[in-house]
Amino acid sequence: MEFTLDEMREHLNVLEARIAAACKNAGRARESVKLVWVSKFHPAEAVENAIALGAHDFGENRVQEAELKFSARRTAIDGAPVMCHVIGPVQSNKLKKAAIVADCIHSIASMEAVEKLEKVCAGLAGGKILDILFQVNAGEEETKSGLDVANAEAFLAELETRAGACDATGRSEKFPHLRFRGLMTIGKNTGVAEDSRECFAFLRNLQQKFLARGGVFANFDQLSMGMTGDLEVAIEEGSTMIRVGTALFGERDYSKPVNDPVR
Ligand SMILES: *Cc1c(COP(=O)(O)O)cnc(C)c1O
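Note that residues are indexed from 1 along each chain, following the sequence as it is written. Residue-level local features of this predicted model are given only where pLDDT is at least 70; pairs of side-chain atoms are given and counted only at 80 or more, and the full residue set underlies all totals for whole chains, interfaces and linings. In computing side-chain values, all of the structure's heavy atoms are included and hydrogens and water are not.

## Some details on the nonpolar core
Put simply, the test is: Grouping buried Ala, Val, Leu, Ile, Met, Phe, Trp, Tyr and Cys residues that are joined through side-chain atoms within 4.5 Å yields what is termed a nonpolar core. Burial status follows relative accessibility: with a 1.4 Å probe on protein chains alone, a residue under 20% of its type maximum counts as buried, one over 50% as exposed, and anything between as partly exposed. Throughout, a contact is declared for two residues whenever any of their heavy atoms are within 4.5 Å.
Among the nonpolar cores identified, the biggest contains 71 residues, and W37, F58, I105, I132, F134 and F180 are the most heavily contacted of them. The contact partners of F134, leaving out residues within four places of it in the chain, are H106, I108, V114, L147, F155, L156, L159, F180, G182, L183, M184 and F220. Within the second largest apolar cluster, 6 residues are counted, among which are V36, L133, M184 and I186.

And the structure:
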């Protein structure tokens with residue numbers, strides 16, 4: 001059962017209190033943490049309710065579902081455009097669709113994907129500039145999504161080499177349609193938030209190191225980490241984007257995919 005608007009408002013209030021407490025603890029401003037509402041497996045009506053409650057940013061982990069809900073551009077209550085974040089692994093043959101629907105892709109983990117996205121964005125009407133983050137497999141050892149911890153630094157150094165000359169805004173000769181924004185990870189997911197601290201700290205150190213290099217990393221100021229179960233620890237470790245589903249929309253019903261044509 002989907003939440004009503006009133007139920008969602010209550011959940012949002014509880015969540016905002018958690019975020020506020022974590023920010024206070026960490027000596028950070030609430031505005032330094034973006035809330036990405038993870039609407040996967042929830043219907044378009046849930047997205048409408050979220051927008052009514054002031055949501056600006058949504059996360060989807062499948063391209064087809066993102067297209068269903070976000071191909072028609074939406075406006076937040078303050079008039080700003082609603083942003084669509086693709087946060088799940090994207091197969092090579094879906095990168096074009098992802099680049100079209102997304103404002104930001106959090107889950108890039110190969111040079112092939114970077115090269116392909118540059119081509120795709122250059123070919124889109126107006127030459128879209130796409131924000132991307134690299135996913136690092138810092139917590140979830142059992143799945144294969146993301147760059148290996150051991151390879152992540154070498155990967156970023158290789159990207160820097162391939163990017164070629166850059167202007168002061170980080171726009172590179174080789175990837176002029178991509179803005180490299182930072183790193184994403186999924187925590188340990190053990191049910192104990194503290195277990196994720198080490199991998200979040202690893203991510204922050206890596207992101208800070210490359211941000212300091214400037215050049216193609218001039219915009220590398222984002223850390224996408226923290227979900228319903230571990231967002232406090234993520235905020236303490238420097239997260240700038242928390243991706244929250246369950247705490248806002250309730251449990252997901254995986255037996256009812258939103259893109260199921262029967263539904
Ligand atoms: C589903 C998902 C989330 C949201 O998880 P919750 O525990 O429901 O908050 C965050 N990030 C990614 C990559 C996801 O796939």
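## A look at the packing of helix α6 (residues 149–163) against helix α7 (residues 197–211)
Under the convention used in this document: Only the contacting stretch of a helix is used when fitting its axis, a line to C-alpha atoms as for every element, and angles between N-to-C directions run 0 to 180 degrees. Counting from the N terminus, the helices are the DSSP runs of H or I reaching at least four residues and the strands are the DSSP runs of E reaching at least two. Any angle that is under 35 degrees is reported as roughly parallel, and any over 145 degrees as roughly antiparallel; angles of 65 to 115 degrees are reported as roughly perpendicular and all others as oblique. By definition, turning the near helix anticlockwise from the far helix through less than a right angle yields a left-handed crossing, and turning it clockwise yields a right-handed one.
Where α6 meets α7, the closest approach of the two axes is 11 Å, and the angle between their N-to-C directions is 15°. Taken together, the axis directions place α6 and α7 in an arrangement best described as roughly parallel. α6 and α7 meet at a crossing whose hand is right-handed. Within the contact between the two elements, α6 uses V149, A152, E153, L156 and A157 and α7 uses F202, L206, K209 and F210.

## Looking at the side chain of D230
Definition in use: For this count, His and the chain ends are skipped, Lys and Arg are scored as positive, and Asp and Glu as negative. One side-chain nitrogen of Lys or Arg within 4 Å of one carboxyl oxygen of Asp or Glu is enough to make a salt bridge. Here a polar contact is taken to be a pair of N or O atoms separated by no more than 3.5 Å, where protein atoms must pair a possible hydrogen donor with a possible acceptor and residues adjacent in sequence count only if both atoms sit in side chains.
Along the chain, D230 falls in the loop between β7 (222–224) and α8 (231–236). Despite its burial, D230 pairs with no opposite charge, the nearest such side chain being R243 at 6.9 Å. Side-chain polar atoms of D230 contact the side chain of S196, separated by 3.4 Å. Of note is the side chain of D230, whose polar atom sits 2.7 Å from the backbone nitrogen of M227. Look past the residues within four positions of D230 in its chain and what remains in contact with it is G187, A193, S196 and F200.

## Section: the pattern of salt bridges
Taken as a whole, this structure holds 20 salt bridges when the rule is applied. Across the pair E232 and R18 runs a salt bridge, and its minimum N-O distance is 2.7 Å. Of this pair, E232 sits in helix α8 while R18 sits in helix α1 (residues 5–26); the two residues are 214 residues apart in sequence, bridging distant segments of the chain. Exposure remark for E232: the relative accessible area of 24% places this residue in the partly exposed category. Ionic pairing is found between E194 and R197, a salt bridge with its closest N-O pair at 2.7 Å. What makes E194 partly exposed here is its relative accessible area of 43%.

## Quick notes on the site of the ligand
Under the convention used in this document: The cutoff for a nearby residue is simple: one of its non-hydrogen atoms must lie within 4 Å of the molecule or strand. Three residue categories are used. Nonpolar comprises Ala, Val, Leu, Ile, Met, Phe, Trp, Tyr, Cys and Pro, charged comprises Asp, Glu, Lys and Arg, and polar comprises the others, including Gly.
Inspection of the region around the ligand gives V38, K40, N61, I87, I186, M227, T228, R243, V244, G245, T246 and R252 as its neighbouring residues. In the model, an oxygen atom of the ligand is placed 2.6 Å from a nitrogen or oxygen of the T228 side chain. Between the ligand and the protein, one listed contact pairs an oxygen atom with a side-chain N or O atom of R252 at 2.7 Å. For the shell around the ligand, the residue count by class is 5 nonpolar, 4 polar and 3 charged.

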